[in-house]
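Residue strings, one per chain:
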Amino acid sequence: MRRRPLLLEPTFLASIVVVLILPVVLPSVAMATEALIFVIASLGCTLLLGYVGLLSFGQAIFFGVGAYACGLALIHLGASAWGGLLAAAVISLAAGLVVGGLVTQRRGIYFVMLTLACSQMFYFIAYAMEDITGGDNGLLNVPRPPLLVFETTLLTLRTPMSFYTFAAIVFLCIYLFLQRLVSSPFGSALVAVRENEDRALAMGYNTRLFKIAAFAISAVVTGIAGALYALFLNFAPLSNIEVSMGERIIIMTILGGTGSLFGSVLGGTFYVLLGNLLSAIWPRWLLVLGLILIVVASYLRGGLLSGVNWIVEKGRGWGILRSFAVRAWSATFRIRTPPRAQP
Amino acid sequence: MERDVSDTDSAAGTTVTGTANAALPANGNDVGCGTRGVKLAAAGVSKRFGGFVALRDVSIQVRERTIHSVIGPNGAGKTTLFNCLTGVVPPTSGVVMFEGRDITRMSVHRRARCGMARSFQVTNLFQNLSVIEGLRLAAQAKTGLATFDFFRPKERLVRAMSDAESVLAQLSLERWRDIKAGELSHGQQRILEVGLALASGSSTLLLDEPTAGMGVDDIEIMKQLVVALSRDHTIVLIEHNMNVVLNISTTITVMHQGSVLVEGPPEVVRSHPDVKAAYLGREC
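Please read these numbers as outputs of a predicted model, since none were measured by experiment. Position numbers for residues start from 1 in each chain and track the written sequence from start to end. Whichever chain is written first becomes A and whichever ligand is written first becomes 1, with later ones labelled in order. At least 70 in pLDDT is required for a residue's local features to be given in this predicted model, at least 80 for side-chain atom pairs to be given and counted, and no such filter applies to totals for whole chains, interfaces and linings, which use all residues. As a rule here, side-chain values come from all non-hydrogen atoms in the structure, and water together with hydrogens is ignored.

Caption draft 1: How the structure looks around the packing of helix α4 (residues 81–103) of chain A against helix α10 (residues 207–233) of chain A. Residue and element names in this part refer to chain A. Running from N to C, α4 and α10 cross one another at 145°; their axes reach a closest spacing of 7 Å. The element α4 and its partner α10 pack so that their crossing is right-handed. Contacts from Leu85, Ala88, Ala89, Ser92, Leu93, Gly96, Leu97, Val99, Gly100, Gly101 and Val103 of α4 reach α10 at Arg208, Ile212, Phe215, Ala216, Ala219, Val220, Gly223, Ile224, Ala227 and Leu228. Polar here means any residue outside two lists: the nonpolar Ala, Val, Leu, Ile, Met, Phe, Trp, Tyr, Cys and Pro, and the charged Asp, Glu, Lys and Arg; Gly therefore counts as polar. Among the residues forming the contact of α4 with α10, the class breakdown is 15 nonpolar, 5 polar and 1 charged. As a rule, the C-alpha atoms of each element are fitted with a line to give its axis, helices using only the stretch in contact, and angles between N-to-C directions run from 0 to 180 degrees. For the purposes of this entry, the term helix denotes a DSSP run of H or I that reaches at least four residues, the term strand denotes a run of E that reaches at least two, and both are numbered from the N terminus. Note: crossing handedness is left-handed where the near helix turns anticlockwise from the far helix by less than a right angle, and right-handed where it turns clockwise. Contacts were defined at the residue level, with two residues in contact if any of their heavy atoms lie within 4.5 Å.

Here is the structure:
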């Protein structure tokens, strides 16, 4: 069985398409940027929830810590945009290891409670350390230095489109990295933990170590999203590290579907789009979101992703156009369903 | 499939324990009787759950490349002994040795990597993963640091992949290679249950009632599989099916109310009066 190169994986190609059309179809480039940032945050959550089966309410910790780390590095150390992202990655990695080590001591509902407790604690730490984080006011005046590669300016980051391009590059790199990760030996071990932790343990996997590692990787991804958000807003609000931010990330992830990384792309985009469009006409738009979440949780457990799959597989009435598209798609990517022998 | 037991060490004979705590050999080879070294041993293992004594001073010695069965009525402590051997629960007192090393406090996953693999009484597979993927995961667990490779596709870990394929062939499950484990028939799931232990490349297999719930025909397949495996594996077997136990075991340990009642080769155990009493009640 030959594999196609990962760069040609359909969902990666679809991600490139999404990146290209988002700034065109959304009302503003800024909204597209915000969508991409939350897609990245949601990718971190999908790794934990979709692949390891861990429901973490602590994703806001890493989002917030990443934003603060990036902002502080830019303000106090005069770091470049890359330096800001690097600082965010390193500090969130440390936070991920600490939090991951703490919360993976327990499984199930106690694990969830521990992530919630950690999230609250980090919020109050950020709130109390006013001198560093700016407390309630947030970390103000985060600069946005131009993006340099070997002394030449790659992107000025001054225009919305320039910053969007930067976010898109970061997003595609992270997507590609996570895509390789989930199909690697390490990724398969994470799936083993999700599917049957006791069996994985009996087979010789140190399941706790794998969970901590997944937490750390998820933290880095989420932290980078936080850093981009700080650069995007030119400041790092305290709300980044609130429990409600973690909830938001989880809601996006579940809306999109946890069956594949691409679910995050759908979920993050959908959430930001819905939020921006509805909040403009009705301040109580979260009520609508609640209804949508109820519908997805009750009838569309695989999220928007499974909805899209359903349309592709079962959709009727598209006639020749549809069958042509499906054939072209299968021919291009040589999708073959393996013959299923009956037991 | 009558297994000839006359060539193996039956010199151990019958030991009715509970009176003396068997001394544990420092390494596997200086055992007084028998020609094969002790692979896995428990010495004076007791386990209390609150006030309830599940295991009372149990000592067993499992010799290399033999089938050592543990039998006994329900509640005799077989599964608790199994859990102590595999590290799921630590014993309250006593020592567990594997290949001459004290592993009493070693964690489950480290024991597994030392070469002890177990199967479960209640089928415990990766229900949503394909048969081959489950086996590949089991084989991959032994590759150590290679498991932490998160950049190459998992199929490129050739060692694990080829081990999984060969175990698949050994189990005769090739036709079901790519279907989900949960869609196999019960008998096939039981075979795969043993297969997951086997694919880890362990020298010692602890099989917890491999024939549980199997039909008559499937039991024969399982019996042959276990006998085939015993040629190059040490096997500890918990089993209820007396036909299977008496046919294939080298040594049988009979447990009753948390203690070892009788230990010996099948023909000794079969005719032992205490065993009949324990199984059939006081009137015998």
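Caption draft 2: Representation of the interface of chain B and chain A. If you look at the interface, chain B gives 39 residues, while chain A gives 29 residues. Defined in terms of a 1.4 Å probe, buried area is the accessible area two parts forfeit on being brought together, summed over both. Both sides together, the interface formed by chain B and chain A hides about 3100 Å², and carbon and sulfur atoms give 63% of it. The three residues of chain B that bury the most area against chain A are His109, Phe126 and Phe150 of chain B, which together make up 20% of that side's buried surface. Whenever a carboxyl oxygen of Asp or Glu lies within 4 Å of a side-chain nitrogen of Lys or Arg, that contact is scored as a salt bridge. Applying the counting rule to chain B against chain A returns 1 salt bridge. Among the ionic pairs, Glu193 of chain B bridges to Arg199 of chain A, the shortest N-O distance being 2.2 Å. Of all elements in the fold, only α2 (108–114), β6 (116–119), α3 (131–141) and α5 (186–199) of chain B reach the threshold of two or more residues within the side of chain B that touches chain A. Among the elements that make up the side of chain B that touches chain A, the one with the highest residue count is α3 of chain B (6 residues). When grouped by side-chain class, the residues that make up the side of chain B that touches chain A number 19 nonpolar, 8 polar and 12 charged.

Caption draft 3: The arrangement of the packing of aromatic side chains in detail. Stacked, tilted and edge-to-face pairs are distinguished by plane angle, under 30 degrees for stacked and over 60 for edge-to-face with tilted covering the rest, among Phe, Tyr and Trp rings (Trp via its six-membered ring) whose centres lie within 6.5 Å. Scanning the model with the defined rule gives 20 aromatic pairs over all chains in all. By way of ring pairs, the aromatic residues Phe38, Phe63, Trp82, Phe163, Phe166, Tyr229 and Phe232 of chain A are connected into one cluster. Put simply, a charge is over a ring when the Lys NZ or the Arg CZ is close to the ring centre, within 6 Å, and near the line of the ring normal, within 35 degrees. The positively charged end of Arg180 of chain A is found above the aromatic ring belonging to Phe151 of chain B, 4.4 Å away from the centroid. The residue whose ring lies beneath Arg118 of chain B is Phe120 of chain B, and the NZ or CZ to ring-centre distance is 4.3 Å.

Caption draft 4: Quick peek at the nonpolar core. In these notes, a set of buried Ala, Val, Leu, Ile, Met, Phe, Trp, Tyr and Cys residues joined through side-chain atoms within 4.5 Å is what counts as a nonpolar core. Partly exposed residues are those whose accessible area sits between 20% and 50% of the maximum for their type, while under 20% is buried and over 50% is exposed, using a 1.4 Å probe and protein chains only. Within the largest apolar cluster, 149 residues are counted, with the highest numbers of intra-cluster contacts made by Phe63, Phe166 and Phe171 of chain A together with Leu135 and Leu192 of chain B. With 16 residues, helix α2 (residues 29–52) of chain A is the single largest residue contributor to this core. Excluding residues within four positions of it along the chain, Phe171 of chain A makes contact with Ser15, Val19, Leu36, Val39, Ile40, Leu43 and Val265 of chain A. Of all hydrophobic cores here, the second largest spans 24 residues; its members include Met116, Val236, Ile238 and Met255 of chain B.

Caption draft 5: Up close: the sheet that holds β6 of chain B. Residues and elements named next belong to chain B. Here 6 strands make up an open sheet; going across it, the order is β6-β7-β8-β3-β9-β10 and the pairing mixed. Each having just a single partner strand, β6 and β10 (259–264) make up the two edges of the open sheet. Each strand axis lies, on average, 15° off the axis of its neighbour in the sheet, ignoring direction. Strands were regarded as paired on the criterion that DSSP finds at least two bridges between them. Direction of pairing for strand β9 (residues 251–256) relative to β10: antiparallel, over a ladder of 5 bridges. Each residue of the ladder has a partner; that of His256, found in β10, is Ser259. Strands in contact with α5 are β6 and β7 (204–208); relative to β6, the strand with the most contacts, it is inclined by about 170°.

Caption draft 6: Spotlight on the confidence of the model for chain A. Confidence along chain A averages 89 in pLDDT terms, with 89% of residues attaining 70 or more. Taken element by element, the predicted model of chain A shows its lowest mean pLDDT in helix α15 (residues 319–333) of chain A (61) and its highest in α10 of chain A (97). pLDDT is a residue-level measure of predictor confidence that goes from 0 to 100.

Caption draft 7: Representation of helix α5 (residues 108–128) of chain A. All names here are of chain A. Between its first and last C-alpha atoms α5 spans 31 Å; for 21 residues at 1.5 Å apiece the expected length is 30 Å, and the two agree. Within α5 the residues assigned to the buried category are Phe111, Val112, Thr115, Cys118, Ser119, Tyr123 and Ala126. Down the axis of α5, the buried set is contained in an arc of 135°. They therefore lie on one face. For α5, the exposed residues lying more than 90 degrees away from the buried face are Ile109, Tyr110, Met121 and Ala128. Here a helix's expected span is defined as the number of its residues, less one, multiplied by 1.5 Å. Comment: arc refers to directions from the helix axis out to C-beta atoms.

Caption draft 8: Local environment of helix α1 (residues 78–86) of chain B. All names here are of chain B. For α1, the tally of buried residues reaches 8 of 9 residues, placing the bulk of the element in the interior. Of all the residues in α1, the buried ones are Lys78, Thr80, Leu81, Phe82, Asn83, Cys84, Leu85 and Thr86. Backbone geometry just downstream of α1 places Gly87 in the positive-phi region, at approximately 90°.

Caption draft 9: Fine view of the domain arrangement of chain A. Residues and elements named next belong to chain A. Segment limits for the domains were obtained from an automatic or database-derived domain assignment. One can read the domain layout of chain A as domain 1 (21–288) and domain 2 (300–333). Relative placement of domain 1 and domain 2: their C-alpha centres are 30 Å apart. Counting from both sides, the interface comprises 11 residues of domain 1 and, opposite them, 5 residues of domain 2. Interface area, domain 1 with domain 2, both sides summed: about 470 Å², of which 77% is carbon and sulfur. Sorting the residues of domain 1 by area buried against domain 2 places Leu255, Leu266 and Phe270 first, and these three jointly supply 53% of that buried surface. Where domain 1 touches domain 2, the interface holds 0 salt bridges. Polar contacts, as counted here, are pairs of nitrogen or oxygen atoms within 3.5 Å of one another; within protein the pair requires one atom able to donate a hydrogen and one able to accept it, and residues that are adjacent in sequence qualify only if both atoms are side-chain atoms. For the interface between domain 1 and domain 2, the tally reads 3 residue pairs in polar contact (both at pLDDT 80 or more). Of all elements in the fold, only α11 (243–256) and α12 (262–281) reach the threshold of two or more residues within the side of domain 1 that touches domain 2. Among the elements that line the side of domain 1 that touches domain 2, the one with the most residues is α12, at 4 residues.

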